[in-house]
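# A closer look at the structure
Below, each chain spelled out in residue letters.
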Amino acid sequence: MRHGRPVTSTLSFRSWDTLRPGPRLIVLGGVHGDETCGTRALEALEAEIDAGALVLERGVLTLVPRANPLACAQGTRAGERNLNRSFVPRPAEARQDYEDHVVAALAPVLAAHDVLLDLHSATSDTVPFVMIELAEPDGVPFRHAEHEAALAGALGLDVVVEGWQDVYEARLEEHAERAGVPVTPEDRAVGTGTNEYLRERGGWALTVECGGHDDPEAFAVALTVTRRALAHLGLVAAPQGPHATAPAAPGAAPRVLRTAVVVDKEDPADRFVRPWQPFEPVRTGDLIGVRADGTEVRASVDGAIMFPDDDADPGEEWFYLAVTSDRPLG
Ligand SMILES: [Zn+2]
């Protein structure tokens, strides 16, 4: 860590090793500092474990309530940059910003686990959803795809999104092609967040968006999905404690959506024709937005709008489209 940082920028986490064989699970809160639901849920769980109210049966559990300590102390998305991009440890002399130091400290901790649950919330109100990876990103079978799908199904959320990374990488390639330059390893690293990092290291990972930042239910969702993950993986006997069953018990089949298209904002004056709700259905040809120069932007697939962001900067993602996936959740 750099000199002169306040103590609030210190990374801390706790691990419990049951000394019995089982999955090694790490749960992150506060990768984005203005998303407090995960932080609060993990602190609540920590207190339960200390009090003996939550008993771990097997495996290893690590809780990191404030994965980006500086951002959490500031209450901002980032400290000096987004921790969930370029999550690639660099040698000491190549670390340029605060998050480079966090990555260097956190990456080996992540890599010592089999499974990551990364708890987030969204800028605008959204139904809670979970993100997993495709069975075959780049046509290469992802050996933990079934594990991710089964855990996603066990969380009891309404929506499961798969295949973000493929579409994001295709976007990088398009950008490079338009600029007439090759995609550099540095560009590719941008698309590596916490989940992608652990997958590259042989593990598997899920990101849960627990609702909007200000949604009072987001804390309950964060706690519930963590309890269900503990039970699904066999670290605890069954989901237990407050919010063990809220908001909904698993049972109803979630919608599984595959990320299909990303559309960037090009000009600050590009505007949606109306506010879009996350996962709102669209049909091919539906008018979604209008560019600053009057060009209409229409849906190119039948599916749903994902991550609509009318405040995106030019060159950043404006919205994604997803199509229905027939992926079974195990
Ligand atoms: Zn986030």
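Residues numbered from 1 in each chain as written. Predicted model: local features only at pLDDT ≥ 70, side-chain atom pairs only at ≥ 80, totals over all residues. Heavy atoms only, no water.

- An unreviewed UniProt entry lists the protein under the name Succinylglutamate desuccinylase, from Miniimonas arenae.
- Database annotation for the protein, UniProt heading Cofactor (unreviewed entry): "Zn(2+)". (UniProt positions renumbered as here; feature names shortened; annotations may be inferred.)

### Some points on the nonpolar core
- In terms of nonpolar packing, the biggest core is built from 42 residues, with L25, L61, L119, L155, L206 and V208 touching the most fellow members.
- Listed by contribution, the elements that provide at least two residues to this core are β2 (24-28), α1 (37-51), β3 (60-64), β4 (115-122), β5 (129-132), α4 (145-154), β7 (204-212) and α8 (217-232).
- Considering each element in turn, this core owes the most residues, eight residues, to α8.
- Those residues in contact with V208 that sit more than four places away from it in its chain are L117, D118, L119, H120, F129, V130, L155, L157 and V225.
- Counting 20 residues, the second largest nonpolar core, distinct from the first, contains L28, V31, L116 and Y197. (Core = buried A, V, L, I, M, F, W, Y, C linked by side-chain atoms within 4.5 Å. Buried < 20%, exposed > 50% of the residue type's maximum accessible area, 1.4 Å probe, protein only. Helix = DSSP H or I, 4+ residues; strand = E, 2+ residues; numbered from the N terminus. Contact = heavy atoms within 4.5 Å.)

### Let's talk about α8
- In a regular helix each residue adds 1.5 Å, so 16 residues correspond to 22 Å; α8 covers 22 Å between its end C-alpha atoms and thus fits that length.
- Buried residues dominate α8, accounting for 13 of its 16 residues.
- Note on α8: the residue one or two positions beyond its end, G234, has a positive phi of about 85°. (Expected span 1.5 Å × (residues − 1).)

### Some words on the packing of aromatic side chains
- The final tally for this structure, using the stated rule, is eight aromatic pairs.
- Over the ring of W276 we find R274, and its NZ or CZ is 4.0 Å from the ring centre. (Phe/Tyr/Trp six-rings, centres within 6.5 Å; stacked < 30°, edge-to-face > 60°. Lys NZ or Arg CZ within 6 Å of the ring centre and 35° of its normal.)

### Digging into the pairing of β5
- Alternating positions in β5 separate into two faces, F129 and M131 on one and V130 and I132 on the other, with burial throughout.
- Note that β5 and strand β6 (residues 159-162) share four bridges and pair parallel. In the strand pairing of β6, V130 is matched with V160.
- Bridge analysis of β5 against β7 gives three bridges, and the strand direction is antiparallel. The partner of F129 across the bridge, within β7, is E209. (Pairing = 2+ DSSP bridges.)

### Considerations on the pattern of salt bridges
- The final tally for this structure, using the stated rule, is 24 salt bridges.
- Here R24 and D114 are joined by a salt bridge, their closest N and O atoms 2.7 Å apart. Placement of R24 in strand β2 and of D114 in the loop between α3 (98-111) and β4 is noted, with a sequence separation of 90 residues between them.
- Residue D114 is classed as partly exposed on the basis of its relative accessible area, which comes to 24%.
- For the salt bridge of K265 with D310, the shortest nitrogen-to-oxygen distance reads 3.7 Å. Note that K265 is positioned in the loop between β8 (255-264) and β9 (271-272) and D310 in the loop between β13 (303-306) and β14 (317-324), a separation of 45 residues in sequence.
- Residue classification places K265 among the buried residues on the basis of a relative accessible area of 2%.
- One network of salt bridges, in which partners are shared, links R81, R90, D97, D100 and E186. (Salt bridge = Lys/Arg side-chain N within 4 Å of Asp/Glu carboxyl O.)

### Brief notes about the coordination of the zinc ion
- Protein coordination of the zinc ion is provided by H32 (ND1), E35 (OE), E35 (OE) and H120 (ND1), with donor distances spanning 2.0 to 2.4 Å.
- The coordination sphere of the zinc ion comprises four donor atoms, whose angles at the metal cover 57 to 146°; the geometry is irregular.
- Each donor residue of the zinc ion belongs to the same chain, with the gaps between them written as H-x2-E-x84-H. Of this pair, E35 sits in the loop between β2 and α1 while H120 sits in strand β4, and the two are 85 residues apart along the sequence. The two residues E35 and H120 agree in class, both being buried. (Donors = N, O, S within 2.8 Å, 3.2 Å for Na, K, Ca; no water. Tetrahedral: all angles 85-135°; square planar, octahedral: opposite > 155°, others 65-115°.)

### Things to note about the domain arrangement of the protein
- Annotation of the protein at the domain level lists domain 1 (7-253) and domain 2 (261-319).
- The C-alpha-based centres of domain 1 and domain 2 are spaced at 27 Å.
- At the boundary of domain 1 with domain 2, total buried surface from both sides reaches about 860 Å², with 65% on carbon and sulfur atoms.
- It is V161, V167 and R171 in domain 1 that bury the most area against domain 2; as a group they hold 42% of the surface buried on that side.
- A salt bridge links R171 to E317; its shortest N-O distance comes to 3.9 Å. (Domains from an automatic or database assignment. Buried area = accessible area lost by both parts, 1.4 Å probe.)

### Section: a negative patch on the surface
- Negative charge collects at one region of the surface, where D309, D311, D313 and E316 lie side by side.
- Note on placement: E316 falls in the loop between β13 and β14.
- Look at E316 and you get partly exposed, because its relative accessible area is 39%. (Patch = residues over 30% accessible without salt bridge, like charges linked within 9 Å, V, L, I, M, F, W, Y side chains within 5 Å. Areas by Shrake-Rupley, 256 points an atom, 1.4 Å probe, with all protein chains shown as cover. Lys, Arg positive; Asp, Glu negative; His and termini not counted. Charge placed at Lys NZ, Arg CZ, Asp CG, Glu CD.)

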